[in-house]
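Structure at a glance
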Amino acid sequence: MSDACGYPALRVGVVDVYLVHPSPGGWQVLVLQRAERGTRCPLAWEAVHGRIEPGERPEDAALREVREETGLAVERLYNVTTQAFYLHGVGAVQVAVAFCAFVAEAAAPALGPEHGAAEWLPFDLARARLAWPREREALDHARLLLGGGDAGPLEDVLRVI
């Protein structure tokens, strides 16, 4: 897919959602391991990740993907950054909109078929477990922006729900 000049197209088409439970000892972050078979990136660890459906806003896709991939209820949702990557199979630059979702407890998620395991980990261990550098960077953005429990003076711009 390319534009009129033949350059790769730019598509905002996916969301990444970092699920966080703020415990007294610090953030617990949910990481998901891809299934061993029948999926891309077998056994890689990631955040909630998924496509934005036609006509869907990124924040709606984020909430839907959390529900589909974990079954967990989001208390607060913040947009934290965007990350671009190249999909050579379709010749397009894909942009992921990254969100941080706070949950009330570090409950066991109800995993779908694309994931084989999940763990709630302290921030540093979760960060180290993530396969993609862009995910580690986005998680850093989330902690920098929301480490005090909310977005402070940026709350009106970053908080979605």
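Please refer to the structure higher up on the page.
Cut-offs and rules
Residues numbered from 1 in each chain as written. Predicted model: local features only at pLDDT ≥ 70, side-chain atom pairs only at ≥ 80, totals over all residues. Heavy atoms only, no water. Helix = DSSP H or I, 4+ residues; strand = E, 2+ residues; numbered from the N terminus. Buried < 20%, exposed > 50% of the residue type's maximum accessible area, 1.4 Å probe, protein only. Expected span 1.5 Å × (residues − 1). Arc of directions from axis to C-beta. Pairing = 2+ DSSP bridges. Contact = heavy atoms within 4.5 Å.

Before going further, it helps to spend a moment on unusual backbone geometry. With a phi angle near 50°, Cys41 is a residue other than glycine that sits in the positive phi range. Within the secondary structure layout, Cys41 lies in the loop between strand 2 (26-34) and strand 3 (45-46). Assessed through its relative accessible area of 31%, Cys41 is described here as partly exposed.

Relative to the 20 Å expected for 14 residues at 1.5 Å per residue, helix 3 (residues 133-146) spans 20 Å between its end C-alpha atoms, a close match to the ideal helical length. Among all positions of helix 3, only Arg134, Glu135, Ala138, Leu139, Ala142 and Leu146 are buried. Angularly, the buried residues of helix 3 cover 140° about the axis, an arc narrow enough to put them on a single face.

Time to look at the pairing of strand 2. Of all nine residues in strand 2, eight are buried; the element is thus mostly enclosed. Alignment of strand 1 (residues 9-23) against strand 2, held across four bridges, turns out to be antiparallel. When the bridges of strand 2 are listed, Pro22 appears paired with Trp27. Between strand 1 and strand 2, which pair antiparallel in sequence order, lie two residues. As judged from the seven bridges shared by strand 2 and strand 7 (residues 115-122), these two strands associate in the antiparallel manner. Bridge assignment links Gln33 to a residue of strand 7, and that residue is Ala117. Here strand 2 runs beside strand 3; their pairing, made up of two bridges, is antiparallel. The residue of strand 3 that forms the bridge with Leu32 is Glu46.

Time to look at helix 1 (residues 58-70). Counted at 1.5 Å a residue, the expected span for helix 1 with its 13 residues is 18 Å, and the 18 Å between its end C-alpha atoms agrees. Among the residues making up helix 1, those that are buried are Glu59, Ala61, Ala62, Arg64, Glu65, Val66, Glu69 and Thr70. Structurally, helix 1 contributes buried residues whose contacts are with strand 1, strand 2, strand 4 (48-51), strand 5 (76-87), strand 6 (92-102) and strand 7. Phi turns positive one or two residues past the end of helix 1, at Gly71, with a value near 75°.

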